[in-house]
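Observations on the model geometry
Given next are the chains, with one letter for each unit.
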Amino acid sequence: MPTVSRGAVSGADLAAIGDILDELGSWIRRVTPRDDLNAVSLSTLAALVRHGPRRVTDLVARERISQPGMTGVVARLADAGLVERQADPRDGRASLIAATQAGHAYIRSIHAKRARLLVEHVGELRTEQQRALRAAVPALQALAARTVSTESES
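The following refers to the structure shown.

With their axes 10 Å apart at the nearest point, helix α2 (residues 39-51) and helix α4 (residues 67-79) run at an angle of 75° to one another. Classified by the angle between their axes, α2 and α4 sit roughly perpendicular to one another. When α2 is examined against α4, the residues Val40, Ser41, Thr44 and Leu45 are found in contact with a partner set consisting of Met70, Val73 and Leu77. Residues that form the contact of α2 with α4 fall into these classes: 5 nonpolar, 2 polar and no charged.

Put into structure tokens, the structure is as follows:
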């Protein structure tokens, strides 16, 4: 169960925040124009861009799919020129999967599309709602930083 610091919002409020953030994440995925990559492939590529080269076994644990499934994801990403295999400097018998320049550009493109979509929708909100979102930016940045640090530990 998550810990709540004294003076923080109630557990019910935290649950409501969690629910709306989950709903917002789902909405963003649904309204983002579809492309050639499925959710696991896109998540895998984004992780490689964000965290650098990883072993397939690390990607399997992160995405919670089977080894053969991840091998297929990596093969499709490599065929598209978005990732490449590199020798693991710590273990010559192993290889790392790394995002290529094209993979980095692809993720930047997806993020830009999502950002444009969000800007459009936020621009349609009432002024006080826009201000509330602006006031929430530091908290959202802190939350994002926590999720990134948690991902890099896995």
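This part covers the nonpolar core. Among the nonpolar cores identified, the biggest contains 18 residues, and Leu45, Met70, Val74, Leu77, Val83 and Ile97 are the most heavily contacted of them. For this core, the secondary-structure elements that each account for two or more residues are α2, α3 (56-63), α4, β2 (91-99) and α5 (101-123). Once you skip the residues sitting within four places of it in the chain, leucine 77 turns out to touch Leu37, Ser41, Thr44, Leu45, Leu82 and Val83.

Those residues of α3 lying buried are Val56, Leu59, Val60, Arg62 and Glu63. Relative to the axis of α3, the buried residues are bounded by an arc of 165° and lie together on one face. Within two residues after α3, arginine 64 carries a phi angle of roughly 55°, on the positive side.

The next thing to look at is the pattern of salt bridges. Pairs can form between side chains of opposite charge whenever their charged atoms are close. Taken as a whole and judged by the stated rule, the model has 6 salt bridges. Here arginine 55 makes a salt bridge to aspartate 88, at a shortest N to O gap of 2.9 Å. Here the residue arginine 55 occupies a position in the loop between α2 and α3, and aspartate 88 occupies one in strand β1 (residues 83-88), the gap between them amounting to 33 residues. The exposure class assigned to arginine 55 is partly exposed, which follows from its relative accessible area of 27%. Residues joined in a network through salt bridges with shared partners are Arg55, Asp88, Arg90, Asp91 and Arg93.

Reading the values: the criteria
- Residues numbered from 1 in each chain as written.
- Predicted model: local features only at pLDDT ≥ 70, side-chain atom pairs only at ≥ 80, totals over all residues.
- Heavy atoms only, no water.
- Axes fitted to C-alpha atoms, helices over the stretch in contact; angles between N-to-C directions.
- Helix = DSSP H or I, 4+ residues; strand = E, 2+ residues; numbered from the N terminus.
- Parallel < 35°, antiparallel > 145°, perpendicular 65-115°, else oblique.
- Contact = heavy atoms within 4.5 Å.
- Nonpolar A, V, L, I, M, F, W, Y, C, P; charged D, E, K, R; others polar.
- Core = buried A, V, L, I, M, F, W, Y, C linked by side-chain atoms within 4.5 Å.
- Buried < 20%, exposed > 50% of the residue type's maximum accessible area, 1.4 Å probe, protein only.
- Arc of directions from axis to C-beta.
- Salt bridge = Lys/Arg side-chain N within 4 Å of Asp/Glu carboxyl O.

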